[in-house]
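# Report on the structure
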Amino acid sequence: MTLALTHAHGDRITVVHEASGTELFSYVYRPEAAWEAPKPYLHPVRTLSGGLVTDYRPNDHRWHKGLQLTASHLSGQNLWGGNTYVHGEGYLKLPEKVGSMAHVAFEEVSAEGDRAVIAERLTWHPYDGELWAEEERRVEVRDVDPEAGTWSLVWTSAVTNRRTEPLRFGSPTTHGRPAAGYTGLFWRGPRAFRGGRVFTAEADGGDLMGSQAPWLAYVGEHDGRDGHATVVFEHAPANDHAGEKGTHPAHWFVRSDPFAAVAPSWAFHEELVLAPGDTLARGYRILVADGAWDRRRVAAHLAGRAW
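Residues numbered from 1 in each chain as written. Predicted model: local features only at pLDDT ≥ 70, side-chain atom pairs only at ≥ 80, totals over all residues. Heavy atoms only, no water.

With an unreviewed UniProt entry as reference, the protein is termed PmoA family protein, source organism Nonomuraea purpurea.

Printed below as a string of structure tokens:
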């Protein structure tokens, strides 16, 4: 179950499961096109058997890049990428509103046994380059299980407001567009996953956009090879969005048509306001599994697993 990593300095870190030879993911921190809101991302992400579960710069949204932390509306700036939603006018090309999240340094890059860690410091900037926030990020591989065909990615971020005024996290929905509450950690699935099955612990299928649940699963079928994959997104129990720990009040942004996408939104219906000097801490666990799992199997797998 040994993991290994390679670091192409200034570009990316790739984590490999040596027994299978599968590259589980690459963490890319090299800046890319300015209008796409440059920021680090994970792509490609794969199951243990090598099945692809992320997409990169699809033709419908070039700024969708695997798995990445985003902020679609942040105090009037767009750290999401592409056009900016303006109520009553739709999506407009406003390059002067597109910001970035910049790599500063790695605190740890390591792999030992069945665990790998990437700990990073980043800074958040509006278009003019001013320092708005500092982030401490940790991306960790855990629970590699070849027999079950699974591995888990734990993502934690602590974002501290370095402005002298509040940072206001919003979304297109907080700005007037229904069912578009995307902001926070965002996953874009491959084109083959369009029309996949989505379910939570409480609901199976149907419209889960804007719903609340401790976890959400997406099952898709691969192109180019037989079989399915299941990706499960889970809130950390310590996530505290409204002063009541364990309630998981964040709402799910989820689509299976016209493309596969999931985000535990930080600001689906209402803005999240971060005061000067305050820190917003969030954690998520993402299970990447071979095969088409059902609700019972997901719940059984997650039960009792420590964070």
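There's plenty left to go through after this.
## Details of the side chain of threonine 14
What counts here: Strands are runs of DSSP state E lasting at least two residues, helices are runs of H or I lasting at least four, and both sets are numbered from the N terminus onward. Note on classification: 1.4 Å probe, protein chains only; a residue is buried when its accessible area is under 20% of the maximum for its type, exposed when over 50%, partly exposed between these limits. Any N or O atom pair separated by 3.5 Å or less is treated as a polar contact, with the protein-specific requirement of one donor-capable and one acceptor-capable atom, and with residues adjacent in sequence counted only for side-chain atom pairs. Residue contacts are defined here by distance: any two heavy atoms, one from each residue, within 4.5 Å place the two residues in contact.
Note that threonine 14 resides in strand S2 (residues 12-17). Given a relative accessible area of 8%, threonine 14 falls into the buried group. A polar contact of 2.7 Å, which involves the side chain of threonine 14, links it to the side chain of serine 26. When residues no more than four places from it in sequence are discounted, the contact partners of threonine 14 are Ala4, Leu5, Thr6, Glu23, Phe25 and Ser26.

## Some points on the sheet that holds strand S13 (residues 167-170)
Inclusion rule: Between any two strands, pairing holds if DSSP finds at least two bridges.
In space, the three strands of this open sheet follow the order S6-S13-S20, with antiparallel pairing throughout. Each of the sheet's edge strands pairs with one partner strand only, and the pair in question is strand S6 (73-74) and strand S20 (272-274).

## Structural notes on the nonpolar core
Nonpolar side chains in soluble globular proteins tend to be buried together. Counted only if it meets this: We call a set of buried residues a nonpolar core when its members are Ala, Val, Leu, Ile, Met, Phe, Trp, Tyr or Cys and they connect through side-chain atoms within 4.5 Å of each other.
Counting residues in hydrophobic clusters, the biggest one holds 53 residues, and the most contacted among them are Phe25, Trp124, Val141, Trp151 and Phe169. The residues touching phenylalanine 25, leaving out its near neighbours within four places in the chain, are Ile13, Thr14, Val15, Leu42, Pro44, Val45, Ile118, Val139, Val141, Trp151 and Leu153. Judged by nonpolar contacts, the second largest core, of 11 residues, contains Met209, Phe259, Ala261 and Ala263.

## Some words on the pattern of salt bridges
To keep things clear, this is the line we draw: Note on definitions: salt bridges are taken to be side-chain nitrogens of Lys or Arg within 4 Å of carboxyl oxygens of Asp or Glu.
Summed over all chains, the structure comprises 20 salt bridges. The shortest N-O distance in the salt bridge between arginine 30 and aspartate 11 comes to 2.3 Å. Residue arginine 30 is found in the loop between strand S3 (22-28) and strand S4 (41-45), and its partner aspartate 11 is found in the loop between strand S1 (3-8) and S2; the two are separated by 19 residues along the sequence. The salt bridge partner of arginine 285 is glutamate 234, with a shortest N-O separation of 2.9 Å. In this pair, arginine 285 is assigned in strand S21 (residues 279-290) and glutamate 234 in strand S17 (residues 228-235), connecting sequence segments 51 residues apart.

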